Amino acid sequence: MVKTPKTPPKLPEVRIRKAMPVGRHGGTRKAKKEKVAGEFSEQVVQIDRVARVVAGGKRLRFRAVVVVGNQADKVGLGVEKANDVATAVQKAVKVAKKNLISVPIKNETIPHEILQSFGSAKVLLKPAPKGTGIIAGGPIRVIANLAGIKNISAKILGSSNKMNNLKATILALEKLRRTPWQVRNKPFDPAQDKGTK
């Protein structure tokens, strides 16, 4: 009589979990999400505390100025107020995403020179060759970076008011012409390029 070998009992399946990355103080930290192409980045430019006189005293609120862009060719500006800073920033981001404009970018720079004013602010934007980088002041640098313009030379000629300079820069980028035919048939005229209040 031949003895059949006994089959070993089945062991329960063991699932191996991937170890979470350990933080500096021993705790676990979540891995950073990779940035998806076309995802919008936001930058808070200015936060002010504003007061409004009402019956019974003053009502204090916060005003947030936020610039949103996808670093490809879309950029927008949002300004909103709220009772706290976080809410004001969230509302400003929503407004900025509703007011997105498309920026014509050619060879990582703007297609032509433009001078634009808004109120007492005046900005001059000039195309620059590759490797120049962003040569511009604070408000213009923020918009150029989030719009995806890698090479540009800009100058603030008028008021140093951040809000007016941001709006003047957005207006200038809106007025840029995309094709050489448009630039050739509509020559740049600083006298006609006046901003609106």
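Each value, and the rule that gives it
Here the residue index of a chain counts from 1 through its sequence in written order. Local features in this predicted model are restricted to residues whose pLDDT is 70 or higher, and side-chain atom pairs enter the listing and the counts only when it is 80 or higher, whereas totals over whole chains, interfaces and linings include all residues. By convention in this description, side-chain values take in all heavy atoms of the structure and omit both hydrogens and water. Basic side-chain nitrogens of Lys or Arg form a salt bridge, by our definition, when they fall within 4 Å of a carboxyl oxygen of Asp or Glu. A helix here means a DSSP run of H or I that spans at least four residues, while a strand means a run of E at least two residues long, and both kinds are numbered starting from the N terminus. Burial classes follow relative accessibility: with a 1.4 Å probe on protein chains only, a residue under 20% of its type's maximum area counts as buried, one over 50% as exposed, and anything between as partly exposed. Throughout, nonpolar core names a set of buried Ala, Val, Leu, Ile, Met, Phe, Trp, Tyr and Cys residues whose side chains join them through atoms within 4.5 Å. Whether two residues touch is decided by their heavy atoms; if any such pair falls within 4.5 Å, the residues are in contact. Between any two strands, at least two bridges found by DSSP are needed for them to pair. An axis is simply a line fitted to the C-alpha atoms; with a helix, the fit covers only the stretch in contact. Between two such axes, the angle follows the N-to-C directions and lies from 0 to 180 degrees. Polar contact criterion, stated in full: a pair of N or O atoms within 3.5 Å, where within protein one must be able to donate a hydrogen and the other to accept it, and residues adjacent in sequence count only if both atoms are side-chain atoms. Small angles under 35 degrees read as roughly parallel and large ones over 145 as roughly antiparallel, with 65 to 115 read as roughly perpendicular and the rest as oblique. By definition, turning the near helix anticlockwise from the far helix through less than a right angle yields a left-handed crossing, and turning it clockwise yields a right-handed one. By the convention adopted, Pro, Cys, Tyr, Trp, Phe, Met, Ile, Leu, Val and Ala count as nonpolar, Lys, Arg, Asp and Glu as charged, and the other residues, Gly among them, as polar.

**Student:** Looking at this model, I keep getting lost on the pattern of salt bridges. Mind explaining?
**Tutor:** Pairing between side chains of opposite charge can happen when the charged atoms of each approach one another. Enumeration over the complete set of coordinates arrives at 2 salt bridges. Across the pair Arg63 and Asp48 runs a salt bridge whose closest N-O atoms are separated by 2.8 Å. One end of the pair, Arg63, is in strand 2 (residues 57–69); the other, Asp48, is in strand 1 (residues 41–54), and 15 residues separate them in sequence. The residue Lys91 makes a salt bridge to Glu80 at a minimum N-O spacing of 4.0 Å. Of this pair, Lys91 sits in helix 1 (residues 85–98) while Glu80 sits in strand 3 (residues 74–82), and the two are 11 residues apart along the sequence. Under the relative-accessibility criterion, Glu80 is labelled partly exposed at 25%.

**Student:** How should the nonpolar core be read in this particular structure?
**Tutor:** In a soluble, globular protein the nonpolar side chains are often hidden away together inside. Val67, Val75, Leu125, Ile149 and Leu173 are the most contacted members of the largest nonpolar core, which has 30 residues in total. Among residues more than four places away in sequence, those in contact with Ile149 are Val103, Ile105, Glu108, Thr109, Ile110, Ile134, Ala144 and Leu173. Counting 9 residues, the second largest nonpolar core, distinct from the first, contains Ala64, Val89, Ala92 and Val93.

**Student:** Any chance you could explain the sheet that holds strand 4 (residues 101–102) here in plain terms?
**Tutor:** Within a sheet, neighbouring strands are paired by backbone hydrogen bonds and run either parallel or antiparallel to one another. Sheet architecture is open: 4 strands sit in the order 1-2-3-4, paired in antiparallel fashion. At either end of the open sheet lies a strand with only one pairing partner, and these are strand 1 and strand 4. Strand direction decides the pairing type here: strand 1 and strand 2, joined by 13 bridges, are antiparallel. When the sheet's bridge partners are listed, Arg49 is paired in strand 2 with Phe62. Strands in contact with helix 3 (residues 162–175) are strand 1, strand 2, strand 3 and strand 4; relative to strand 3, the strand with the most contacts, it is inclined by about 150°.

**Student:** Could you clarify how one ought to interpret the sheet that holds strand 6 (residues 121–127) in this entry?
**Tutor:** One open sheet holds the 4 strands; their spatial order is 5-6-8-7, and the pairing between them is mixed. Two strands lie at the open edges of the sheet, namely strand 5 (114–118) and strand 7 (134–135), each paired on one side alone. The sheet contact formed by strand 5 and strand 6 spans 5 bridges and is antiparallel. Residue Ile114 lies in a different strand from strand 6, and its bridge partner there is Leu125.

**Student:** Sorry if this is basic, but what is going on with helix 2 (residues 138–147) here?
**Tutor:** Counting buried positions along helix 2 yields 7 of 10 residues, so the element is predominantly enclosed. Where helix 2 ends, the next residue or the one after it, Gly148, has phi of about 95°, a positive value.

**Student:** Can you help me understand the side chain of Gln116 in this one?
**Tutor:** Within the secondary structure, Gln116 sits in strand 5. Within the structure, Gln116 has its side chain in polar contact with the side chain of Lys175 (distance 3.3 Å).

**Student:** Would you take a moment to explain the packing of helix 2 against helix 3 for this structure?
**Tutor:** Any two packed helices are characterised by the angle at which their axes cross and by the distance between the axes. Two numbers describe how helix 2 lies on helix 3: the axes approach to 9 Å, and their chain directions differ by 40°. One way to sum up the angle between helix 2 and helix 3 is to call them oblique. Seen from above, helix 2 lies across helix 3 with right-handed handedness. Mapping the contact onto sequence places Pro139, Ile140 and Ile143 in helix 2 and Lys162, Asn165, Leu166, Thr169, Ile170 and Leu173 in helix 3. A breakdown of the residues in the contact of helix 2 with helix 3 according to their chemical character gives 6 nonpolar, 2 polar and 1 charged.

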